Amino acid sequence: MKEQLERIYSDAVADIEKAASVKDLEEVKSKYLSRKGEFNEIKKGLKDLSPDDKRIIGSLANDITQKLETSIQEKFRIFYEQELNEKLAKERIDVTLPGQYIPRGHEHLLTSTTNEIVSIFQSLGFSVAPNEESPEVETEYFNFDMLNVPKDHPARDMQDTFYTNIAPNVVLRSQTSGAQIHVMENQKPPIRIIAPGRVYRNENINSRKNNFFHQIEGLYVDKDITFGDLKGVLNEFIRLYFGASRPTRFRNSFFPFTEPSAEVDVQCIICGGKGCRTCSGTGWLEILGSGMVDPNVLRGVGIDPDVYSGFAFGMGVERLAMLKYAIDDIRLFFNNDVRFLEQFKGQ
């Protein structure tokens, strides 16, 4: 048995030396040192030897096993270093080459415009309504009924409003005005909030209109609030957002949930008031609708209109950005053309 062990050891050493790859070395290891390997098979016969022979042969077998394991590990190390060196040579990086420029993203113009508008109104004492009080998916109760919109009002038609399959009375909100109802039902005056968010209307898409856009709703309810307060707040906002040189005008209008109502226009920055496609030849662009909160709306949310009054306004974020940055097509905001977007880094 001793001669047999020494012969197997000699063969194993020769096979280790001949191994040319990790795969070859794995095969050698399996052939001699696995549970079914040759050394293991010989060790099974130790039980038939005398105690003295068992001690001698067992010691020799263990010694040979350790030597082979050491030789195999050393060979593995050599192969590993060879493969590593080959990989490093193949993947070598020339650190003297200039780096590859990876452009950094930045806020979308609509996001930065919204943040700027919110910041201005916060400086005027307004707070932002919680998201749960300004949901995008609304019921007709909040989107129309509580805003004093009659059942037969054209805005309720499928042509103007996106109705969902959730229920017959569930819609994608067509205005952020529903937020004021949520807030007034959950808060008592004084109330001074703004509610930015997305709105949806079934519009024909053109340079001035899209079926998806952004609004910011504002509401101020307290004792002794007048139309003069409304004009003062909006004029200050316009001054801070556009600068004092931007001509503006208030003109009579009608909204079911405000009385009296007014629309605020800013002189078209594209044509300077001369008339162009963007302003439909009028020289003016509407930026927001506003008015004093209708007493019926206050009464509907449990606020006594004989004690409290208030004003509300809603403005289009896209329209404000178009005016400020001389953008003549609302569709540019949604096309994700990097050539357009990268013009507004740092805005």
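As shown above, the structure is provided for reference.
Residues numbered from 1 in each chain as written. Predicted model: local features only at pLDDT ≥ 70, side-chain atom pairs only at ≥ 80, totals over all residues. Heavy atoms only, no water.

Caption draft 1: How the structure looks around the nonpolar core. Phe121, Phe237, Ile287, Phe311, Phe313, Met315 and Phe333 are the most contacted members of the largest nonpolar core, which has 42 residues in total. Where this core is concerned, the elements lending two or more residues are helix 5 (109-123), strand 6 (212-222), helix 8 (227-242), strand 8 (258-267), strand 9 (284-293), strand 10 (309-316), helix 10 (317-325) and helix 11 (338-341). Per element, the largest residue contribution to this core is 7 residues, and it comes from helix 8. Apart from residues no more than four positions distant in its own chain, Met315 is found in contact with Ile117, Phe121, His214, Gln215, Ile216, Phe237, Ile287, Leu288 and Leu320. Among the nonpolar cores identified, the runner-up in size contains 23 residues, and Phe142, Met146, Val183 and Ile191 belong to it. (Core = buried A, V, L, I, M, F, W, Y, C linked by side-chain atoms within 4.5 Å. Buried < 20%, exposed > 50% of the residue type's maximum accessible area, 1.4 Å probe, protein only. Helix = DSSP H or I, 4+ residues; strand = E, 2+ residues; numbered from the N terminus. Contact = heavy atoms within 4.5 Å.)

Caption draft 2: Looking closely at the sheet that holds strand 1 (residues 127-128). An order of 1-5-6-10-9-8-7 is seen for the 7 strands of this open sheet, with the pairing classed as mixed. In this open sheet, the two strands that pair with only one neighbour each are strand 1 and strand 7 (248-255). Along the sheet, helix 8 contacts strand 7, strand 8, strand 9 and strand 10; its crossing angle with strand 9, the most-contacted strand, is approximately 150 degrees. (Pairing = 2+ DSSP bridges. Axes fitted to C-alpha atoms, helices over the stretch in contact; angles between N-to-C directions.)

Caption draft 3: View of the packing of aromatic side chains. The full count for this structure, using the stated rule, is 17 aromatic pairs. Look at Phe333 and Phe340: their rings are 6.1 Å apart centre to centre, the planes differ by 80 degrees, and that puts the pair in the edge-to-face class. Like Phe340, Phe333 is buried. By the ring-pair criterion, three or more aromatic residues cluster together here, those being Phe121, Phe126, Tyr220, Phe237, Tyr241, Phe242, Phe311 and Phe313. (Phe/Tyr/Trp six-rings, centres within 6.5 Å; stacked < 30°, edge-to-face > 60°.)

Caption draft 4: Region of the structure containing the environment of Gly218. Examined against the element boundaries, Gly218 turns out to sit in strand 6. Given a relative accessible area of 0%, Gly218 falls into the buried group. When the C-alpha atoms of Gly218 and Gly314 are compared, they prove to be 6.1 Å apart, with 96 residues separating the residues in sequence. Those residues within four positions of Gly218 in sequence are excluded, and the remaining contacts are Ile193, Ile194, Phe311, Ala312 and Phe313.

Caption draft 5: Examining the packing of helix 8 against helix 10 more closely. Here helix 8 crosses helix 10 at 50 degrees, and the two axes come no closer than 11 Å. Between helix 8 and helix 10, the crossing angle belongs to the class labelled oblique. Taking contact as the criterion, the partners of Phe237, Tyr241 and Phe242 in helix 8 are, on helix 10, Leu320, Ala321, Leu323 and Lys324. Its residues assigned to classes, the contact of helix 8 with helix 10 comprises 6 nonpolar, no polar and 1 charged. (Parallel < 35°, antiparallel > 145°, perpendicular 65-115°, else oblique. Nonpolar A, V, L, I, M, F, W, Y, C, P; charged D, E, K, R; others polar.)

Caption draft 6: Molecular detail of the pairing of strand 7. As judged from the 7 bridges shared by strand 7 and strand 8, these two strands associate in the antiparallel manner. Along strand 8, the bridge assignment pairs Ser253 with Ser261.

Caption draft 7: Broad picture of helix 10. Of all 9 residues in helix 10, 7 are buried, a share of seventy percent or more. Every buried residue of helix 10 is listed here: Val317, Glu318, Arg319, Leu320, Ala321, Met322 and Leu323. The secondary structure elements touched by the buried residues of helix 10 are helix 5, strand 6, helix 8, strand 8, strand 9 and strand 10. Ala326, located one to two residues past helix 10, shows a positive phi value of around 55 degrees.

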